[in-house]
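# Secondary and tertiary structure notes
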Amino acid sequence: MKKIVTVALSIMLSMCAFAQEKYETTIAADVINQYIWRGQDLGNVSLQPTLGIAHKGLSLTAWGSVGLTSVEDTKEFDLTLAYTIGGLNIGITDYWFSKGLDSDGRYLKYDAHGTNHLFEANIGYDFKVASLQWYTNFAGNDGKNKDGKRAYSSYVEVIVPFVICDVDWTATAGAVPYATDTYGTNGFAVTNLSLRATKDIKVTDSFSIPVFGQLTANPCSQKAYLMFGFTLQP
């Protein structure tokens with residue numbers, strides 16, 4: 001009996017180790033002084049939680065944003081299904097905003113002409129020294145082009161990571177390829193030039209807090225922003 005119990009325990013421990021190797025869970029929350037996204041100002045001081053699970057390149061992530069200092073800030077809840085193989089990544093995101101075509105802010109309303117959801121597809125490739133990403137809205141509450149028709153609003157960006165003095169940096173250049181009122185453009189326009197630095201601040205021997213700062217300029221709107229925040233995670 002003792003031998004059987006020992007074997008059973010060994011099998012259980014092996015299965016747990018196998019599961020831990022194959023599945024990854026993300027639980028985190030950012031606190032930021034300003035919500036800046038692709039060169040656009042989307043809110044003031046915000047809490048932005050993340051919950052995700054990944055398995056063999058396939059991931060499902062829930063992300064949200066809620067204003068902490070202004071009741072006027074739009075609440076956001078996004079779900080992203082993504083797949084990565086090698087340097088290639090593809091994904092679909094369902095964005096939901098508390099403000100939009102539906103004045104009641106109902107999450108489960110998917111009416112094409114009355115929903116607060118916006119659906120976006122993306123594809124990109126990580127070349128190690130830099131990554132390239134393309135995003136296009138294909139359904140939901142998308143913006144209009146110059147003719148008043150669905151714009152299929154798109155955004156493309158190049159991200160370059162580098163390290164200086166043990167600080168992780170990323171430089172980003174993003175542009176909107178054609179007219180859409182989603183991004184406030186009348187044609188091709190550079191909407192996001194940003195520089196971000198991240199540094200882990202050690203609190204104890206086993207706990208540290210990633211702190212980040214970001215400078216963003218939007219040449220199209222002629223606006224600039226300085227963002228600061230930190231991440232809480234187990």
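Residues numbered from 1 in each chain as written. Predicted model: local features only at pLDDT ≥ 70, side-chain atom pairs only at ≥ 80, totals over all residues. Heavy atoms only, no water.

What follows is about the overall build of the chain. What the chain contains, in helices and strands, is one helix and 14 strands. Taking all 234 residues of the chain together, 34% fall into the buried category. Long-range pairs, those at least 24 residues apart, make up 38% of the contacts in the chain with a sequence separation of at least 6. Counting only carbon and sulfur atoms, one obtains 64% of the accessible surface of the chain, whose full area is about 14200 Å². (Helix = DSSP H or I, 4+ residues; strand = E, 2+ residues; numbered from the N terminus. Buried < 20%, exposed > 50% of the residue type's maximum accessible area, 1.4 Å probe, protein only. Contact = heavy atoms within 4.5 Å. Areas by Shrake-Rupley, 256 points an atom, 1.4 Å probe, with all protein chains shown as cover.)

One non-glycine residue with positive phi stands out, namely lysine 56, at about 50°. The topology assignment puts lysine 56 in the loop between strand E4 (46-55) and strand E5 (58-67). Classification of lysine 56 as exposed rests on a relative accessible area of 60%. Positive phi, close to 50°, is recorded for tyrosine 152, a residue that is not glycine. Looking at where tyrosine 152 falls in the secondary structure, it is placed in the loop between strand E9 (131-140) and strand E10 (154-164).

This part takes up the pattern of salt bridges. Throughout the structure, instances matching the rule amount to three salt bridges. Among the salt bridges present, the one from arginine 38 reaches glutamate 120, with a minimum N-O distance of 2.9 Å. Pair noted here: arginine 38 is in the loop between strand E2 (35-37) and strand E3 (40-43) and glutamate 120 is in strand E8 (residues 117-126), with a separation of 82 residues, a long-range link. Note on arginine 38: relative accessible area 10%, which makes it buried. (Salt bridge = Lys/Arg side-chain N within 4 Å of Asp/Glu carboxyl O.)

Bringing the side chain of aspartate 102 into the picture now. Inspection of the secondary structure assignment puts aspartate 102 in the loop between strand E7 (88-97) and E8. Classification of aspartate 102 as buried rests on a relative accessible area of 3%. Residues within four places of aspartate 102 in sequence aside, it is in contact with Lys109, Gly114 and Asn116.

As summarised here, the arrangement of the 12 strands in space is E1-E4-E5-E6-E7-E8-E9-E10-E11-E12-E13-E14, forming a closed barrel in which the pairing is antiparallel. The average angle at which neighbouring strand axes cross in this sheet is 20°, direction not considered. One ladder, built from eight bridges, connects strand E13 (residues 207-218) with strand E14 (residues 223-232); its direction is antiparallel. Residue pairing in the sheet places glutamine 214 in a bridge with methionine 227 of E14. (Pairing = 2+ DSSP bridges. Axes fitted to C-alpha atoms, helices over the stretch in contact; angles between N-to-C directions.)

Next up on the list: the environment of threonine 191. Checked against the element boundaries, threonine 191 lands in strand E12 (residues 189-204). Judged by its relative accessible area of 2%, threonine 191 falls in the buried class. Taking the C-alpha atoms as reference points, threonine 191 and glycine 174, 17 residues apart in sequence, are found 6.0 Å from one another. What threonine 191 contacts, discounting residues up to four positions off in sequence, is Arg38, Gly39, Tyr155, Gly174, Ala175, Val176, Thr185, Ala217, Asn218, Pro219 and Cys220.

The next subject is the nonpolar core. Counting residues in each nonpolar core, the largest one holds six residues, listed as Ile32, Tyr35, Ile36, Phe212, Tyr225 and Met227. Elements supplying a minimum of two residues to this core: E2 and E14. With sequence-adjacent residues up to four places away left out, methionine 227 is seen in contact with Ile32, Asn33, Gln34, Ile36, Arg196, Phe212, Gly213 and Gln214. (Core = buried A, V, L, I, M, F, W, Y, C linked by side-chain atoms within 4.5 Å.)

Another point: the pairing of E7. Judged from the 10 bridges that link them, strand E6 (residues 76-85) and E7 form a sheet pairing that is antiparallel. Looking at E7, one finds that phenylalanine 77 is bridged to tryptophan 96. Taking the residues that link successive antiparallel strands as the turn, the E6-E7 hairpin has two residues, and the phi of glycine 86 there is positive, at about 65°. Both E7 and E8 contribute to a ladder of nine bridges, which runs antiparallel. Bridging from a neighbouring strand, threonine 93 pairs with glutamate 120 of E8.

Our next topic: the pairing of E5. Of the strand pairs in this sheet, E4 and E5 are connected by eight bridges, and their pairing is antiparallel. Pairing of serine 46 across the sheet is with glycine 67, part of E5. The antiparallel pairing of E4 with E5 creates a hairpin that spans two residues between the two strands, and lysine 56 there sits at a positive phi of about 50°. The sheet contact formed by E5 and E6 spans eight bridges and is antiparallel.

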